[in-house]
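Inside the fold
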Number of protein chains: 2
Amino acid sequence: MPQGKPTVVPEDGLTTRQRRNRAVLAVHTGRGKGKSTAAFGLALRGWNQGWDIGVFQFVKSAKWKVGEESVLTRLGQLHEETGEGGPVEWHKMGSGWSWTRSSEGEDTEARHAADAREGWEEIKRRLAGERHDLYVLDEFAYPMKWGWVDVDDVVATLRDRPGRQHVVITGRDADPRLIEVADLVTEMTKIKHPMDAGQKGQRGIEW
Amino acid sequence: MPQGKPTVVPEDGLTTRQRRNRAVLAVHTGRGKGKSTAAFGLALRGWNQGWDIGVFQFVKSAKWKVGEESVLTRLGQLHEETGEGGPVEWHKMGSGWSWTRSSEGEDTEARHAADAREGWEEIKRRLAGERHDLYVLDEFAYPMKWGWVDVDDVVATLRDRPGRQHVVITGRDADPRLIEVADLVTEMTKIKHPMDAGQKGQRGIEW
């Protein structure tokens with residue numbers, strides 16, 4: 001997108017520079033593809049700026065997004081080796097999180113809900129401590145939709161987060177309250193998909 | 001997106017495996033953000049699979065997408081150094097292309113149109129020679145829209161391309177003939193953008 005003039009100059013008492021440097025809360029929603037891919041693309045850019053990147057995947061599947069995980073963790077390693085870019089942490093909910101030992105127990109919905117809440121509590125702690133420059137909360141729209149986390153708590157925490165921490169949240173059916181506080185909301189709409197024509201997902205394109 | 005069953009099984013005489021391995025022509029269009037970012041995210045995945053990646057940027061601006069360019073060319077270099085991932089070539093139209101010496105002359109529309117046609121002719125040669133596994137034709141919807149390249153030629157060339165070469169085309173207002181032959185079309189719709197609230201683009205988020 002070409003750089004443009006803002007269409008409205010708000011009366012918020014901020015200079016253009018202050019406004020420009022404000023942290024962004026972005027939401028990628030809709031039923032189309034590219035929600036997560038575009039979020040990881042932002043992480044790629046952020047890494048290149050030297051940002052500290054934290055990815056939190058609120059999904060069970062191990063297969064999806066292994067490409068992004070592989071490349072971004074490799075870039076984080078490159079940062080440790082050569083100082084290029086920024087550090088990268090990649091956390092998956094899977095069976096519990098890497099920082100918990102909650103991988104015991106049955107694979108029930110109550111369990112997934114508890115894991116999602118634990119993930120959100122950790123993110124809250126990190127936001128309070130200004131731990132990362134960019135948080136990718138991948139598929140986090142779902143735990144919000146399913147009531148696994150308190151939407152009002154999420155919205156208030158994100159709205160009032162300290163410092164300059166960017167946050168990107170992905171997933172279908174983003175809650176209207178989240179959209180309300182977000183700065184940048186993009187809806188990805190499916191116009192045409194190979195599965196409609198009987199084609200299954202393939203390596204490199206789908207994961 | 002979770003992996004699913006195809007909704008239709010086509011009578012094309014192909015096995016599921018053959019269909020799965022068919023090359024994909026994807027289009028990212030619409031007025032929202034994330035079209036290019038998601039395309040570069042696909043390149044990231046492809047790199048991780050060891051694919052040979054060719055990026056062709058049909059835009060003049062040097063500022064946009066420097067993050068993606070920096071990271072993807074770094075990954076290509078990493079491939080040369082360590083054998084990880086795949087090779088990456090990144091070509092920008094700018095004032096002519098890297099393989100031409102057309103940077104002389106005035107900065108006119110006729111000149112840009114000629115540069116765009118030259119870019120497309122090179123892509124045709126590469127498609128015929130099965131040079132890359134994934135082609136990112138960034139902002140290529142515009143030269144198509146503006147009549148700088150022959151849309152019917154583009155569509156026929158892409159439809160009949162040999163081997164297994166994936167192509168992703170980005171840009172607003174994708175031509176209906178392109179959408180017709182594409183396998184995967186996603187429209188990115190702007191719901192909310194910081195510029196609406198008087199915020200200008202910022203490093204890391206916009207480029």
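This text follows the structure it describes.
Anyway, here's the lowdown on the structure attached to this text. All values derive from a computational prediction rather than experimental measurement.

A count of helical and extended segments in chain A gives 7 helices and 6 strands. In chain A, the order of α-helices and β-strands from amino to carboxyl end is α-β-α-β-α-β-α-β-α-α-β-α-β. The buried share among the 207 residues of chain A stands at 53%. Put simply, 74% of the contacts in chain A that link residues at least 6 apart link residues at least 24 apart. Counting only carbon and sulfur atoms, one obtains 48% of the accessible surface of chain A, whose full area is about 9000 Å².

For the rest of this paragraph, the subject is unusual backbone geometry. What is expected of a backbone is that most residues other than glycine have negative phi and most peptide bonds are trans. Residue and element names in this part refer to chain A. The phi dihedral of Glu139 falls on the positive side, at around 65°, and the residue is not glycine. Tracing the sequence through the fold places Glu139 in the loop between strand E4 (134-138) and helix H5 (141-145). Classification of Glu139 by relative accessible area gives buried; the value is 8%.

Turning our attention to the packing of aromatic side chains. Inspection of the entire model under this criterion finds 16 aromatic pairs over all chains. Plain terms: the ring middles of Tyr142 of chain A and Trp146 of chain A are 5.5 Å apart, the flat faces sit at 35° to each other, and that makes the pair tilted. Taken together, a centroid distance of 5.1 Å and an interplanar angle of 70° make the contact between Phe58 of chain B and Trp97 of chain B edge-to-face. Note that Phe58 of chain B is positioned in the loop between strand E2 (53-57) and helix H3 (66-82) and Trp97 of chain B in the loop between strand E3 (88-92) and helix H4 (109-128), a separation of 39 residues in sequence. These aromatic residues form a ring-pair network of at least three members: Phe56, Phe58, Trp97, Trp120, Tyr135 and Phe140 of chain A.

It is worth spelling out the side chain of Lys35 of chain A at this point. All names here are of chain A. By the secondary structure assignment, Lys35 is in helix H2 (residues 35-48). Although Lys35 is buried, it forms no salt bridge, and the closest oppositely charged side chain is Glu139 at an N-O distance of 6.3 Å. A polar atom in the side chain of Lys35 sits 2.8 Å from the backbone oxygen of Gly32.

This part is about the pattern of salt bridges. Residues and elements named next belong to chain A. All told, the structure shown has 30 salt bridges over all chains when counted by the stated rule. The salt bridge involving Arg111 is made with Asp115; its shortest N-O contact spans 3.8 Å. Here Arg111 and its partner Asp115 are both found in helix H4 (residues 109-128), 4 residues apart, which amounts to about one turn of the helix. For Arg111, a relative accessible area of 17% puts it in the buried group. We classify Asp115 as buried; its relative accessible area is 5%.

Further remarks concern the pairing of E4 of chain A. Residues and elements named next belong to chain A. Of all the 5 residues making up E4, 5 are buried; the element is thus mostly covered by neighbouring parts of the structure. A two-sided burial pattern is seen for E4, the buried positions comprising Leu134, Val136 and Asp138 on one face and Tyr135 and Leu137 on the other. The pairing of strand E2 (residues 53-57) with E4 spans 5 bridges and is classified as parallel. In the sheet register, Ile53 faces E4, and the bridge partner there is Leu134.

Neighbouring strands of a sheet are bound in pairs by backbone hydrogen bonds; such pairs are parallel or else antiparallel. Here we have 12 strands laid out as an open sheet, ordered E3(A)-E2(A)-E4(A)-E5(A)-E1(A)-E6(A)-E6(B)-E1(B)-E5(B)-E4(B)-E2(B)-E3(B), and mixed in their pairing. Of all strands in the sheet, those with a lone pairing partner are strand E3 (88-92) of chain A together with E3 of chain B, marking the two edges. Neighbour-to-neighbour, the strand axes of this sheet turn through a mean angle of 15°, independent of strand direction. Here strand E1 (residues 25-29) of chain A pairs with strand E6 (residues 184-192) of chain A via 4 bridges, running parallel. Across the sheet, Thr29 of chain A pairs through a bridge with Glu187 of chain A, a residue of E6 of chain A. Its contacts with the sheet put helix H2 (residues 35-48) of chain B on strand E1 (25-29), E2, E3, strand E4 (134-138), strand E5 (166-170) and strand E6 (184-192) of chain B, and the angle it makes with E4 of chain B is roughly 165°. Helix-sheet contacts for H3 of chain B involve E2 and E3 of chain B, and the interaxial angle to E3 of chain B is about 145°.

Glancing now at the nonpolar core. By size, the foremost hydrophobic cluster in this structure holds 42 residues, and its most contacted members are Leu75 of chain A together with Leu75 of chain B. Those residues within four positions of Leu75 of chain B in sequence are excluded, and the remaining contacts are Val71 and Leu75 of chain A together with Leu44, Trp47 and Gly86 of chain B.

What follows deals with the pairing of E1 of chain B. All names here are of chain B. Among the 5 residues of E1, 5 are classified as buried, and the element is accordingly described as predominantly covered. The two faces of E1 match: Leu25, Val27 and Thr29 on one face and Ala26 and His28 on the other face are all buried. Pairing between E1 and E5: 4 bridges, direction parallel. Bridging across to E5, His28 finds its partner in Thr170.

Our next topic: the packing of H2 of chain B against H3 of chain B. Residue and element names in this part refer to chain B. At a minimum axis separation of 11 Å, H2 and H3 run at an interaxial angle of 10°. The angle between H2 and H3 falls in the class roughly parallel. Along the contact surface, H2 presents Thr37, Phe40, Ala43, Leu44 and Trp47, while H3 presents Glu68, Leu72, Leu75, Gly76, Leu78 and His79. Residues that form the contact of H2 with H3 fall into these classes: 7 nonpolar, 3 polar and 1 charged.

Residue and element names in this part refer to chain B. Counting through the fold element by element, Ala23 comes out in the loop between helix H1 (16-20) and E1. Ala23 sits in the buried class, given a relative accessible area of 14%. In sequence terms Ala23 and Arg161 are 138 residues apart; their C-alpha atoms lie 9.4 Å from each other. Apart from residues no more than four positions distant in its own chain, Ala23 is found in contact with Arg161, Arg164, Gln165, His166 and Asp183.

Thresholds, definitions, all that
- Residues numbered from 1 in each chain as written.
- Chains lettered and ligands numbered in written order.
- Predicted model: local features only at pLDDT ≥ 70, side-chain atom pairs only at ≥ 80, totals over all residues.
- Heavy atoms only, no water.
- Helix = DSSP H or I, 4+ residues; strand = E, 2+ residues; numbered from the N terminus.
- Buried < 20%, exposed > 50% of the residue type's maximum accessible area, 1.4 Å probe, protein only.
- Contact = heavy atoms within 4.5 Å.
- Areas by Shrake-Rupley, 256 points an atom, 1.4 Å probe, with all protein chains shown as cover.
- Phe/Tyr/Trp six-rings, centres within 6.5 Å; stacked < 30°, edge-to-face > 60°.
- Lys, Arg positive; Asp, Glu negative; His and termini not counted.
- Salt bridge = Lys/Arg side-chain N within 4 Å of Asp/Glu carboxyl O.
- Polar contact = N/O pair within 3.5 Å; in protein donor to acceptor, adjacent residues only side chain to side chain.
- Pairing = 2+ DSSP bridges.
- Axes fitted to C-alpha atoms, helices over the stretch in contact; angles between N-to-C directions.
- Core = buried A, V, L, I, M, F, W, Y, C linked by side-chain atoms within 4.5 Å.
- Parallel < 35°, antiparallel > 145°, perpendicular 65-115°, else oblique.
- Nonpolar A, V, L, I, M, F, W, Y, C, P; charged D, E, K, R; others polar.

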